[in-house]
Amino acid sequence: MFALHKRRIKRKPRTSKEFIIALTLIVLAICIALTASLMSNRGASQAKPKAVIIDGLLHYPNETFVKEATSLLNSTGFEVDYIGGEKVTVDLYRRLPSLGYRIIILRVHCGPLVETLPNGTIVPGEDAILFTAEAYSPNKYRIYQRGQLARAVITGRPNELYFAVPPWFFDECAEGRFDDSIVILDSCYGFYSTSMAEAFIRRGAKVFIGWDGEVQAKHTDYAVLVLLKHLLIDQLTVDQAVKKVMDEVGPDPYHHSVMLFYPSSAGDYRLERLKR
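It should be emphasised that the depicted structure is a prediction, and the values quoted were computed from it without experimental measurement. (Residues numbered from 1 in each chain as written. Predicted model: local features only at pLDDT ≥ 70, side-chain atom pairs only at ≥ 80, totals over all residues. Heavy atoms only, no water.)

Asker: Help me get a handle on the overall build of the protein chain, residues and values and all.
Answerer: Each helix and strand in the protein chain was counted, giving seven helices and ten strands. Counting across all 276 residues of the protein chain, residues that qualify as buried make up 43%. A total of about 16,200 Å² of accessible surface is found on the protein chain, and carbon and sulfur atoms cover 54% of it. (Helix = DSSP H or I, 4+ residues; strand = E, 2+ residues; numbered from the N terminus. Buried < 20%, exposed > 50% of the residue type's maximum accessible area, 1.4 Å probe, protein only. Areas by Shrake-Rupley, 256 points an atom, 1.4 Å probe, with all protein chains shown as cover.)

As structure tokens, then:
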């Protein structure tokens, strides 16, 4: 039989030079990791705040408004998205709170929610609905419960039916939360009641601005541009800016609707606080 003997290998003791090199490499690795982390955080903090113009005001295009609003927002540090036409859908409203927009301009139809009785009588409700640009189909969106969506018609166009969302859609169906967003409804009936404004606030918006009745498209477009100027350039508070709009632009000359905001506690809010 043969006995196997393990050969002992004598290790040289580490020198102080080797120890210093190893320690230097460790410190260097830590520094690189910290630098990468700081650069990442710096990049995140310097990311531009986002704004969006949602343009579903069917039959009333206004490219001049879109260009001027975009220019105002860009010049004050906002990255602007434009969502128009057929992209204004039920699913867009569902995802809207989660998209990270700090300023939201809703250039969409809005009108009173009414109920049609079996005998054809129309009973007005207390809430308003936001239109999509998505044609209504009774077989679509069956995942939603009865009452979570509405069927909408534009005045003077009875054969055109569209999906619309009531205030409670944002409570029951939307995902995510608004990040202290300022929501501007560039359309009619934002304050038919306060229910639509309240729905946005419950979902995390800071303030909701709109009209208390019907308003002509050219009048509200111009008023919103003046509002943006006072909020973005002059850095007025919400209350000051809305009052300026009413002084300089005035109520709708035909329907006499006025611009309002909600809640009243947001009156001293300034847009400069959004740009962080």
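Asker: How would you sum up the pattern of salt bridges? Please name residues and give values.
Answerer: Summed over the entire model, instances satisfying the criterion amount to twelve salt bridges. Between Asp-234 and Lys-229 there is a salt bridge, with the nearest N and O atoms lying 3.1 Å from each other. Between Lys-243 and Asp-239 there is a salt bridge, and its shortest N-O distance comes to 3.3 Å. Here Lys-243 pairs with Asp-239, and both are found in helix α7 (residues 238-248), just four residues apart, close to one helical turn. In this structure Asp-239 comes out as partly exposed when scored by relative accessible area, which is 24%. What you see here is one network of salt bridges that share partners, running through Asp-55, Arg-107, Asp-186 and Asp-221. (Salt bridge = Lys/Arg side-chain N within 4 Å of Asp/Glu carboxyl O.)

Asker: An account of the packing of aromatic side chains is needed here, citing residue identities and associated values.
Answerer: The tally for this structure, following the rule as stated, stands at eleven aromatic pairs. Their ring planes at 85° and their centres at 6.2 Å tell us that Tyr-93 and Phe-170 sit as a pair that is edge-to-face. Placement of Tyr-93 in helix α3 (residues 90-95) and of Phe-170 in helix α4 (residues 167-172) is noted, with a sequence separation of 77 residues between them. On the accessibility criterion, Tyr-93 (0% relative accessible area) is buried. Under the relative-accessibility criterion, Phe-170 is labelled buried at 0%. Taken together, the aromatic side chains of Tyr-93, Tyr-136, Tyr-141, Tyr-144, Phe-163, Phe-169, Phe-170, Phe-178, Phe-191, Phe-200 and Phe-208 make up a single cluster linked through ring pairs. If you follow Arg-151 out to its NZ or CZ, it ends over the ring of Tyr-136, 5.7 Å from the centre. (Phe/Tyr/Trp six-rings, centres within 6.5 Å; stacked < 30°, edge-to-face > 60°. Lys NZ or Arg CZ within 6 Å of the ring centre and 35° of its normal.)

Asker: Describe the pairing of strand β3 (residues 101-108), and please don't skip the residues or the numbers.
Answerer: Of all eight residues making up β3, eight are buried, and the element is well covered by its neighbours. Sheet analysis places strand β1 (residues 50-56) next to β3, joined by seven bridges and oriented parallel. Looking at β3, one finds that Gly-56 is bridged to Val-108. Direction of pairing for β3 relative to strand β8 (residues 182-185): parallel, over a ladder of four bridges. Looking at the pairing, Leu-106 lines up with Leu-185 of β8. (Pairing = 2+ DSSP bridges.)

Asker: Run through the environment of Gly-111, naming residues and quoting values.
Answerer: Along the chain, Gly-111 falls in strand β4 (residues 110-116). A relative accessible area of 9% places Gly-111 in the buried class. Sequence-wise, Gly-111 and Ser-187 are 76 residues apart; in three dimensions their C-alpha atoms are separated by 9.1 Å. Beyond its immediate stretch of four places on either side in the chain, Gly-111 contacts Asp-127, Ala-128, Ile-129, Phe-131 and Tyr-189. (Contact = heavy atoms within 4.5 Å.)

Asker: Quick one: what's the story with helix α2 (residues 63-75), residue by residue and with numbers?
Answerer: Between its first and last C-alpha, α2 extends 18 Å over 13 residues, near the 18 Å set by a 1.5 Å rise per residue. The complete set of buried residues in α2 reads Phe-65, Val-66, Ala-69, Leu-72 and Leu-73. Projected down its long axis, α2 shows its buried positions confined to an angular sector of 135°, all on one face. Of the exposed residues in α2, the ones pointing more than 90 degrees away from its buried face are Glu-63, Lys-67 and Ser-75. Buried residues along α2 sit in contact with β1, β2 (79-84), β3 and α6 (217-233). The residue sitting at the N-terminus of α2 and contributing the capping side-chain oxygen is Asn-62; that oxygen lies 3.3 Å from the backbone nitrogen of Thr-64. A positive phi of about 95° marks Gly-77, the residue just after α2. (Expected span 1.5 Å × (residues − 1). Arc of directions from axis to C-beta. Polar contact = N/O pair within 3.5 Å; in protein donor to acceptor, adjacent residues only side chain to side chain.)

Asker: So, the sheet that holds strand β10 (residues 259-262): which residues are in play, and what are the values?
Answerer: The strand order β2-β1-β3-β8-β9-β10 describes an open sheet built from six strands, whose pairing is mixed. Of all the strands in the sheet, just β2 and β10 have a single pairing partner and so form its edges. Within this sheet the neighbouring strands show an average axis-to-axis angle of 15°, counted without direction. Running over the sheet, α6 touches β3, β8, β9 (207-211) and β10 and is turned about 145° from β9. Contacting β9 and β10, α7 runs over the sheet at an angle of about 170° to β10. (Axes fitted to C-alpha atoms, helices over the stretch in contact; angles between N-to-C directions.)

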